[in-house]
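So the chains spell out like this:
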Amino acid sequence: MTVHFIGAGPGAADLITVRGLRIIAASPVCLYAGALVPRELVEAAPPGARLVDTADLNLDQIVEELRAAHAAGHDVARLQSGDTSFFSAVAEQQRRLDALGIPWDITPGVPAFAAAAAAMGRELTLPTVGQTVILTRVAGNATAMPPGEDLATLGRSGALLVLHLAIGQVERVVAELTPLYGPDCPVAVVARASRADESIVRGELADLVSLVRDNGIRAVAVIMVGRVLGEPGFCDSHLYSEARDRAVEASSAG
């Protein structure tokens, strides 16, 4: 018996890996993260499967469901929204499973920031403009941020910031990042990326509060802040350039 942690993707039911879908279809128990996981994925479980919505369960209750499945010899498809590698709360579940001697594995998923970039039709790294993306959040009602990971510190890099769980803190985002990025820095807010009700708004950092408020964006959204979101001139990638070909040829000739 194995607990399979599966990244269920950002919202669209078909944005899941083939492996993830196969595991769901073969698992007699499926735990899923409420409205964040498409119902179509839950319905891919085999007939008679135990389906458990974890939205109103605490960690102890979730682990008890996993323990009971293990005792019965049943594989579990544990669906987490987006990807499992960040802001997924899988680490604390895995720690409990290790203590109980219950095996687990991970199948990655499409993260929200990747779906947001696709929705905008944008590459988030451009030669000579931006080559770094910082995925982070803003301290609020959730767990406090570690020292040195506040917006003021991260913003000094000038890198593209992708902020999760920050819609309720937009005033703070503007206040802390404006001195570092400037009021005219391009921003984008993508809500419910990949879903039928997807929403994309773009503007400048100075207008971020009104962009969020006027468009009624309240949850399930990422905020992006960085110059790479603008329309800057940038050179072609060296990987595919004629200059690289010439350099390779010269190196081979030498």
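Quick caveat: nothing in here was measured; it's all calculated off a predicted structure.

Attention now goes to the overall build of the protein. Of regular secondary structure, the protein possesses nine helices and 10 strands. With respect to the three principal axes, the spread of C-alpha positions in the protein is 60 × 55 × 35 Å. Within the protein, the fraction of its 254 residues that count as buried is 43%. A separation threshold of at least 6 residues defines the contact pool for the protein, and within that pool the share at least 24 residues apart is 70%. If the 20 positive side-chain charges of the protein are averaged to one point and the 29 negative ones to another, these points end up 3 Å apart.

If you walk through the whole model with that rule in mind, you get three aromatic pairs. Measuring from centroid to centroid gives 5.7 Å for Phe 86 and Phe 87, while their planes differ by 75°, and the two rings are edge-to-face. Pairing Phe 86 with Phe 113 gives two aromatic rings, centres 6.3 Å apart and planes at 45°, and the pair type is tilted. Within this pair, whereas Phe 86 is found in the loop between β4 (76–80) and α4 (90–100), its partner Phe 113 is found in helix α5 (residues 112–120), the two being separated by 27 residues in sequence. By the ring-pair criterion, three or more aromatic residues cluster together here, those being Phe 86, Phe 87 and Phe 113.

The next subject is the domain arrangement of the protein. Parsing the protein into structural domains produces domain 1 (3–107) and domain 2 (112–229). Averaged C-alpha coordinates put domain 1 and domain 2 at centres separated by 29 Å. Of the residues lining the interface, eight residues belong to domain 1; the matching set on domain 2 comes to 11 residues. Interface area, domain 1 with domain 2, both sides summed: about 730 Å², of which 69% is carbon and sulfur. A per-residue breakdown of the area domain 1 buries against domain 2 is headed by Pro 10, Phe 86 and Phe 87, which together make up 66% of the total. Applying the counting rule to domain 1 against domain 2 returns zero salt bridges. Inspection of the region where domain 1 meets domain 2 yields one residue pair in polar contact (both at pLDDT 80 or more). Of the residues that constitute the side of domain 1 that touches domain 2, the class distribution is seven nonpolar, one polar and no charged.

Attention now goes to the nonpolar core. Grouped together as the largest cluster of nonpolar side chains are 27 residues, with contacts concentrated most on Val 189, Leu 205, Leu 208 and Ile 223. Take this core: its biggest share by element is five residues, from helix α7 (residues 170–181). The residues contacting Leu 205, other than those within four sequence positions of it, are Val 174, Leu 177, Thr 178, Tyr 181, Gly 182, Pro 183, Cys 185, Val 187 and Val 225.

Spatially, five strands are ordered β3-β2-β4-β1-β5 in an open sheet, and the strand pairing comes out parallel. Each edge of the sheet is formed by a strand with only one pairing partner; in this case those strands are β3 (50–53) and β5 (104–107). Each adjacent strand pair in this sheet contributes to an overall mean axis angle of 20°, direction not counted. Strand direction decides the pairing type here: strand β1 (residues 3–7) and β5, joined by four bridges, are parallel. Residue pairing for β5: Ile 6 is matched across the bridge by Thr 107. Strands in contact with helix α1 (residues 18–26) are β1, β4 and β5; relative to β1, the strand with the most contacts, it is inclined by about 135°. This element, helix α3 (residues 59–72), spans β1, β2 (29–32), β3 and β4 of the sheet and lies at about 165° to β2.

This brings us to α5. Along α5, the positions that sit buried rather than exposed are Ala 115, Ala 116, Ala 117 and Met 120. The inward-facing, buried residues of α5 contact β8 (186–191), β9 (199–204) and β10 (221–225). Phi for Gly 121, located one or two positions after α5, is positive at around 70°.

Let's shift gears to the environment of Asp 83. With respect to the helices, strands and loops of the structure, Asp 83 is situated in the loop between β4 and α4. Expressed as a C-alpha distance, the spacing of Asp 83 and Ile 106, which sit 23 residues apart in the sequence, is 9.9 Å. Asp 83 has contacts with Gly 7, Ser 88, Pro 108, Gly 109, Val 110 and Pro 111, leaving out every residue within four places of it along the chain.

The next point concerns unusual backbone geometry. Its identity is not glycine, yet Phe 87 carries a phi of approximately 50°, on the positive side. Even without being a glycine, Ala 89 presents a positive backbone phi close to 65°. When you line up the elements, Ala 89 lands in the loop between β4 and α4.

Rules of the game
Residues numbered from 1 in each chain as written. Predicted model: local features only at pLDDT ≥ 70, side-chain atom pairs only at ≥ 80, totals over all residues. Heavy atoms only, no water. Helix = DSSP H or I, 4+ residues; strand = E, 2+ residues; numbered from the N terminus. Buried < 20%, exposed > 50% of the residue type's maximum accessible area, 1.4 Å probe, protein only. Contact = heavy atoms within 4.5 Å. Lys, Arg positive; Asp, Glu negative; His and termini not counted. Charge placed at Lys NZ, Arg CZ, Asp CG, Glu CD. Phe/Tyr/Trp six-rings, centres within 6.5 Å; stacked < 30°, edge-to-face > 60°. Domains from an automatic or database assignment. Buried area = accessible area lost by both parts, 1.4 Å probe. Salt bridge = Lys/Arg side-chain N within 4 Å of Asp/Glu carboxyl O. Polar contact = N/O pair within 3.5 Å; in protein donor to acceptor, adjacent residues only side chain to side chain. Nonpolar A, V, L, I, M, F, W, Y, C, P; charged D, E, K, R; others polar. Core = buried A, V, L, I, M, F, W, Y, C linked by side-chain atoms within 4.5 Å. Pairing = 2+ DSSP bridges. Axes fitted to C-alpha atoms, helices over the stretch in contact; angles between N-to-C directions.

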